[in-house]
Amino acid sequence: ETVMRSKANRVSQIAVPRGARAPSTLGRIDYQDAFLVNIDPGAYQTAEQWARAIFEDAPFDVRVGLISGWSAIGLKLDKSRSGRSVLGWQVRDSARDYVLLGADSRIGMPGELLVKCQPEALLFATFVRHDNLIARRVWAAVQAKHVRIVRDTLDEASRRIQPATRKIQ
């Protein structure tokens, strides 16, 4: 298994674990990836709280960049700021240990994000379905950038979310 780590070993890209796709509502998954984030699992009580901390508590420029990137690839974000979305992604399923966020697509490329609490880390997975050639070509053009942005966003969140017991360096 190939593991790609960020500089501080906070974020590792891993193979999508068995069972991680189970909550997905996409029917078919044409692209998937997964990352483990080394953070104190006790900092928040639910996976949805983790998802909100990663996305909604990110610095303003990070939030704007994410929303603009998602919109540029045709994702339909919920702009209502309801409690049933996280930075525009609809909460499709939620339990204490995981939350599944989803966004429909204007170009036939719906996506889902899974945030799952694990004993020593947080699992973050992306699932994408390509309904047509345009969607496949758009994803091929942005896939490498997607991986870099996910890694950077998770690394930033892991630095920002410090457990009370850890000294800030």
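Residues numbered from 1 in each chain as written. Predicted model: local features only at pLDDT ≥ 70, side-chain atom pairs only at ≥ 80, totals over all residues. Heavy atoms only, no water.

A. Molecular detail of the layout of surface pockets. Within this model, the largest pocket holds a volume of roughly 560 Å³. Taken together, 29 residues form the lining of the largest pocket, with Leu66, Gly69, Trp70, His146 and Ile149 sitting closest to its centre. The element that contributes the greatest number of residues to the lining of the largest pocket is helix α3 (residues 133–160), accounting for 10 residues. Its residues assigned to classes, the lining of the largest pocket comprises 18 nonpolar, 6 polar and 5 charged. (1 Å grid on protein atoms, 1.4 Å probe; cavity = no way out; pocket = protein on both sides within 12 Å on 5 of 7 lines; lining within 4 Å. Points joined across faces, edges and corners; volume = space filled by probe spheres on them. Helix = DSSP H or I, 4+ residues; strand = E, 2+ residues; numbered from the N terminus. Nonpolar A, V, L, I, M, F, W, Y, C, P; charged D, E, K, R; others polar.)

B. Molecular detail of unusual backbone geometry. Even without being a glycine, Leu87 presents a positive backbone phi close to 45°. Along the chain, Leu87 falls in the loop between β5 (85–86) and β6 (89–94).

C. Up close: the side chain of His130. In this structure, His130 sits in the loop between β9 (122–128) and α3. Every residue in contact with His130, bar those within four places of it in the chain, is listed here: Arg28, Asp30, Tyr31, Gly108, Met109, Ala135, Arg136 and Trp139. (Contact = heavy atoms within 4.5 Å.)

D. Expanded view of the packing of helix α1 (residues 47–55) against α3. Running from N to C, α1 and α3 cross one another at 105°; their axes reach a closest spacing of 9 Å. When the axis of α1 is compared with that of α3, the two are roughly perpendicular. Along its contact with α1, which presents Ala53, Ile54 and Phe55, the element α3 presents Thr153, Leu154, Ala157 and Arg160. Classifying every residue of the contact of α1 with α3 by side-chain character gives 5 nonpolar, 1 polar and 1 charged. (Axes fitted to C-alpha atoms, helices over the stretch in contact; angles between N-to-C directions. Parallel < 35°, antiparallel > 145°, perpendicular 65-115°, else oblique.)

E. Spatial organisation of the environment of Asp155. Mapped onto the fold, Asp155 is located in helix α3. Considered as a pair, Asp155 and Val11 are 144 residues apart in the sequence and their alpha carbons are 6.0 Å apart.

F. Representation of the pattern of salt bridges within the structure. Tallying each qualifying case throughout the model produces 10 salt bridges. Residue Glu56 is joined to Arg52 by a salt bridge in which the shortest nitrogen-to-oxygen separation is 3.1 Å. Taking relative accessible area as the criterion, Glu56 reaches 29% and is therefore assigned partly exposed. A salt bridge links Asp97 to Lys116, with the nearest nitrogen and oxygen atoms 3.4 Å apart. With a gap of 19 residues between them, Asp97 in the loop between β6 and β7 (98–105) and Lys116 in strand β8 (residues 111–117) connect regions that are remote in the sequence. Given a relative accessible area of 34%, Asp97 falls into the partly exposed group. Using a relative accessible area of 26% as the deciding quantity, one classes Lys116 as partly exposed. One network of salt bridges, in which partners are shared, links Arg28, Asp30, Arg129 and Asp131. (Salt bridge = Lys/Arg side-chain N within 4 Å of Asp/Glu carboxyl O. Buried < 20%, exposed > 50% of the residue type's maximum accessible area, 1.4 Å probe, protein only.)

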